[in-house]
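# A structural walkthrough
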Amino acid sequence: DGALFTVKYDDDGSTEALTKENVRFFIPPTATQTDLGGPLSDEEAFGTENSDEKISMESYQLRAELAQLVAKTGDKEKASALYEEASSEAMEAGKMKTATEWSLKASALLEA
C-alpha cells in the first residue's frame with residue numbers, strides 16, 4: 001500500500017520515514033492493559049495468581065450440600081443415600097466428626 005509514517009525519536013529528536021510493515025504502534029498501558037493494549041493477566045495486575053479460580057471444597061462437602069437440597073424437595077431416600085456417600089467420603093478423608101454428623105442425618109431422613 002506504500003503508506004509511510006514519519007517517526008520522531010525521543011532520544012535525539014531525529015525523524016525517519018518508515019513503511020507500515022516497519023512500524024509497531026505503541027498503545028500506552030493503562031491499569032488493565034499491557035503496553036501492546038491487551039488485558040493484563042492476574043499475575044501481571046496483582047503480582048499473584050488469582051486464587052478465586054481455585055475451589056477449596058471437597059467432593060464430599062458438595063455431595064452433602066446436594067443431599068440437603070434434595071431433602072428439601074421431599075425425596076428423603078435419595079437425600080439419605082447422598083448423605084451416606086458424603087459420610088463415606090468424609091471418613092476416607094479423615095473427617096470423622098463430619099462423617100458421623102452426615103451418617104446421623106442419613107438415618108434420620110429414613111426414620112422420618
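Owing to the predicted nature of the structure, the values given are computational and were not obtained by experimental measurement.

## Focus on the packing of helix α3 (residues 76-92) against helix α4 (residues 96-111)
- Where α3 contacts α4, the two axes come as close as 8 Å, and the packing angle between them is 165°. Classified by the interaxial angle, the pair formed by α3 and α4 is roughly antiparallel. Of the two possible hands of crossing, α3 and α4 adopt the one that is left-handed. Every residue of α4 that contacts α3 at Lys76, Glu77, Ala79, Ser80, Tyr83, Glu84, Ala86, Ser87, Ala90 and Met91 is listed here: Met96, Thr98, Ala99, Trp102, Ser103, Lys105, Ala106, Leu109 and Leu110.
- When the residues that make up the contact of α3 with α4 are grouped by side-chain class, the tally is eleven nonpolar, four polar and four charged.

## Let's talk about the pairing of strand β1 (residues 4-8)
- For β1, the tally of buried residues reaches only zero of five residues, placing the bulk of the element at the surface.
- As paired strands, β1 and strand β2 (residues 15-19) are joined by five bridges and run antiparallel to one another. Each bridged residue has a counterpart across the sheet, and for lysine 8 the counterpart in β2 is threonine 15.
- Hairpin connection between β1 and β2: a loop of six residues separates the two successive antiparallel strands, and glycine 13 in this loop has a positive phi of roughly 80°.

## Brief notes about the nonpolar core
- Ranked by size, the top nonpolar core spans 13 residues in total, and within it Ala64, Tyr83, Ala90 and Trp102 carry the most contacts.
- Sorting the residues of this core by element identifies α2 (59-73), α3 and α4 as the ones contributing at least two each.
- Element by element, the count of residues in this core is highest for α3, at five residues.
- Apart from residues lying up to four places away in sequence, alanine 90 is in contact with Tyr60, Lys95, Thr98, Ala99 and Trp102.

## A few points about the environment of alanine 79
- Take alanine 79: it is sitting in helix α3.
- Take alanine 79: its relative accessible area is 0%, and that puts it in the buried class.
- The spatial distance from the C-alpha of alanine 79 to the C-alpha of alanine 64 is 8.6 Å, given a sequence separation of 15 residues.
- Residues within four places of alanine 79 in sequence aside, it is in contact with Ala67, Val70, Ala71 and Leu109.

## A word on the confidence of the model for the protein chain
- Per-residue pLDDT for the protein chain averages 80, and the proportion of residues at 70 or more is 71%.
- Across the protein chain, the element-wise mean pLDDT spans from 65 in helix α1 (residues 42-46) up to 94 in α3.

## Observations concerning α3
- Taking 1.5 Å per residue as the helical rise, α3 with its 17 residues ought to reach 24 Å, and the 24 Å between its terminal C-alpha atoms agrees with that figure.
- Among the residues making up α3, those that are buried are Ala79, Ser80, Leu82, Tyr83, Ala86, Ser87 and Ala90. Down the axis of α3, the smallest arc covering the buried residues is 160°, so these residues share one side. Every exposed residue of α3 that faces more than 90 degrees away from the buried side is listed here: Glu77 and Glu92.
- Buried residues along α3 sit in contact with α2 and α4.
- Among the residues trailing α3, glycine 94 stands out with phi positive, at a value near 85°.

Thresholds applied
- Along each chain, residue indices are assigned from 1 in the same order as the chain's sequence is written.
- Predicted model: local features are reported for residues with pLDDT of at least 70 only, side-chain atom pairs are reported and counted for 80 or more only, and whole-chain, interface and lining totals are derived from all residues.
- For side-chain calculations, the full set of non-hydrogen atoms in the structure is used, while hydrogens and water are omitted.
- The angle between two axes is taken between their N-to-C directions and runs from 0 to 180 degrees, where each axis is a line fitted to C-alpha atoms and a helix contributes only its stretch in contact.
- In this description a helix means any DSSP run of H or I spanning at least four residues, a strand means any run of E spanning at least two, and both kinds are numbered starting from the N terminus.
- Any angle that falls under 35 degrees is termed roughly parallel, while one over 145 is termed roughly antiparallel, one within 65 to 115 roughly perpendicular, and all others oblique.
- Two helices crossing with the near one rotated counterclockwise from the far one by less than a right angle form a left-handed crossing, whereas a clockwise rotation gives a right-handed crossing.
- The contact rule is simple, with two residues in contact once any of their heavy atoms fall within 4.5 Å.
- Each residue is assigned to one class: nonpolar for Ala, Val, Leu, Ile, Met, Phe, Trp, Tyr, Cys and Pro, charged for Asp, Glu, Lys and Arg, and polar for all the others, Gly among them.
- For every residue, the accessible area (1.4 Å probe, protein chains only) is compared with the maximum for its type, and the residue is labelled buried under 20%, exposed over 50%, or partly exposed between those bounds.
- By the convention used here, strands pair only if DSSP detects at least 2 bridges between them.
- Residue types Ala, Val, Leu, Ile, Met, Phe, Trp, Tyr and Cys, when buried and joined through side-chain atoms within 4.5 Å, form a set referred to as a nonpolar core.
- The predictor rates its confidence in each residue with pLDDT, a number between 0 and 100.
- Every helix has an expected span of 1.5 Å times one less than the residues it contains.
- Working definition: the arc comes from the directions between the helix axis and the C-beta atoms, pointing outward to the latter.

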